[in-house]
Amino acid sequence: MQPLKIYNTLSREKEVFTPINAPHVGLYVCGPTVYNFVHLGNLRTFTSFDILHRYLKFIGYQVRYVRNITDVGHLVGDGDEGEDKIGKMAKLEKLEPMEIVQRYTNDFHDVLTQFNLLPPSIEPTATGHIVEQIETTKILLDKGLAYESNGSIYFDIETYNKQGGDYGHLSGRVLDDLLTETRDLDGVGEKRSPLDFALWKKASPEHIMRWPSPWGDGFPGWHLECTCMSHKYLGDTFDIHGGGMDLKFPHHECEIAQAKAAHGRAPVRYWMHTNMLTVNGQKMSKSLGNSFLPSELIAGDHPLLEQAYSPMTVRFFMLQSQYRSTLDFSNEALKAAQKGYKRIANGLRIIKGMEFEGEAMAIDEAQVGEIDAAIQGCYDGMNDDLNTAVTISHLFTLLKKINQLHTGQLAFGQLGKDVFDRLKSNYINFLEQVLGLREEFPANQEALIKGMLGLYATFKEKREYNKVDEIRASFKAMGLLVKDMKTRIDWAYEE
Ligand code: AMP
Ligand code: ZN
């Protein structure tokens, strides 16, 4: 079997995944900034890491999956100046910042549940780790790798790099280029160099999210929370850190610098970055105005949407491409995904209800070979940097065999019980456990119930009372009652 390989942004190569302390795996993923509803692009990134989480578990690792909630410090414009995204929304809506945080954290959880993402092991918040962030800032000041300026503390990139730091390595940026790009843009102000970034910011009088610190009232810089929380829960060096590509620079670059400077070693073995969901080739983003919400997708309620799409259709659509390629949204692609998902889901229904039956006959080696190659292909796809597209193509080969068994084109005896069991368990497990795809029942059963009541009336008229009783029993099994009244027939919840 091929070992699991993942593309490491640090080496720019696919590398065999070797955990530091198998069977344990430490995984950290940058979570959302909870000032607004998550859009479909955000969901793609979290789904990609859900696949990683699921597959690591599937192949036997014990994963500690830490995904944070950013509830302070992320400023409008992603830089070191300006309003806090959450504080700004709180002012606009005349709410407490924590009400904003709670509202959008709830939404985030609801969406992830709807799209069948597994929860992380720990979901720490930035505001819950202010003490750790102040402590790390103190360490960096003590080491001479940070400086105070007007009540704010900045990381000193020049000194860090002079002492052997490698700021710019992860994202492949050359420091001199970065300097020429940024020098003219905004004045150096409080910073010694425009590249330096805030560890702690002094809060202006109107800034609402603030905490006391040795340097006066302030709040932590955006990059610091991830360094502190990953360190606290996963240690000095852990296995995998993930996030969207847009976080590579400066967020992850800064995380590496902070951690190396504070704890003396590289914090992460494998850095993984997911590619963007695009709309007409442009990154989906709130600021560009081309984003839509998962709820709009499910309701089909957006000018870009020709119809409604179910959560599993959307999940399937996302998994049809590997996480490192861009994925462009289009109605055509989603409609095709809807067809594909339904075919796959029908296979799931069929195989779950199917047991090996039939008499012994000569094993058809060609059929068995095809099935085993497809099962192997499912693993190989996942092991090749989580290429879900390849795994899905092999699942379609398994689906073909399932359908042939169902229609009798293929006899159970041609496969033998062992091969049948392998086909069944792998099809179900790869779909449900690895890809997180499940059957989706129609949300509104009212139409079905009405149809059954119609049949009830017909059978009653024809005096076919055994059929009438069967329908009554089906209703009861669903926790419902047929209400057979003088003038009409209706249904009710069984009390
Ligand atoms: P944010 O809440 O803005 O910090 O974003 C949460 C996560 O979503 C980050 O990992 C981003 O990189 C990711 N993200 C934002 N936009 C997109 C997009 N269009 N496609 C994929 N991932 C995205
Ligand atoms: Zn982060």
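Residues numbered from 1 in each chain as written. Chains lettered and ligands numbered in written order. Predicted model: local features only at pLDDT ≥ 70, side-chain atom pairs only at ≥ 80, totals over all residues. Heavy atoms only, no water.

**Quick look at the sheet that holds strand E6 (residues 152-155)**
Right, so step 1: Taken in spatial order, the 4 strands of this open sheet run E5-E6-E7-E8, and their pairing is antiparallel. What marks the edges here is a single partner per strand, and that holds for strand E5 (146-149) and strand E8 (218-220). Across the sheet, the mean angle from the axis of one strand to that of its neighbour is 20°, orientation sign disregarded.
Right, so step 2: Note: strand E7 (residues 197-202) against E8, 3 bridges, orientation antiparallel. The partner of Lys201 across the bridge, within E8, is Phe219.
Right, so step 3: Set on the sheet, helix H4 (residues 130-142) makes contact with E5, E6, E7 and E8; between it and E7 the angle comes to about 120°. (Pairing = 2+ DSSP bridges. Helix = DSSP H or I, 4+ residues; strand = E, 2+ residues; numbered from the N terminus. Axes fitted to C-alpha atoms, helices over the stretch in contact; angles between N-to-C directions. Contact = heavy atoms within 4.5 Å.)

**Structural notes on the domain arrangement of the protein chain**
Right, so step 1: If you check the domain split of the protein chain, you get domain 1 (5-274), domain 2 (300-314 + 326-434) and domain 3 (445-493).
Right, so step 2: Taking only C-alpha atoms, the centre of domain 1 and the centre of domain 3 are 58 Å apart. (Domains from an automatic or database assignment.)

**Quick look at the site of ligand 1**
Right, so step 1: In the region of ligand 1, 15 residues are neighbours, and Gly41, Thr45, Asp246, Leu277 and Met284 sit closest.
Right, so step 2: Separating an oxygen atom of ligand 1 from a side-chain N or O atom of Asp246 is a distance of 2.3 Å.
Right, so step 3: One nitrogen or oxygen atom from the main chain of Met284 is found 2.8 Å from a nitrogen atom belonging to ligand 1.
Right, so step 4: Protein coverage of the free-state accessible area of ligand 1, which is 490 Å², stands at 93%.
Right, so step 5: The greatest single-element share of the shell around ligand 1, amounting to 4 residues, is contributed by helix H1 (residues 40-58). (Near = heavy atom within 4 Å. Polar contact = N/O pair within 3.5 Å; in protein donor to acceptor, adjacent residues only side chain to side chain. Areas by Shrake-Rupley, 256 points an atom, 1.4 Å probe, with all protein chains shown as cover.)

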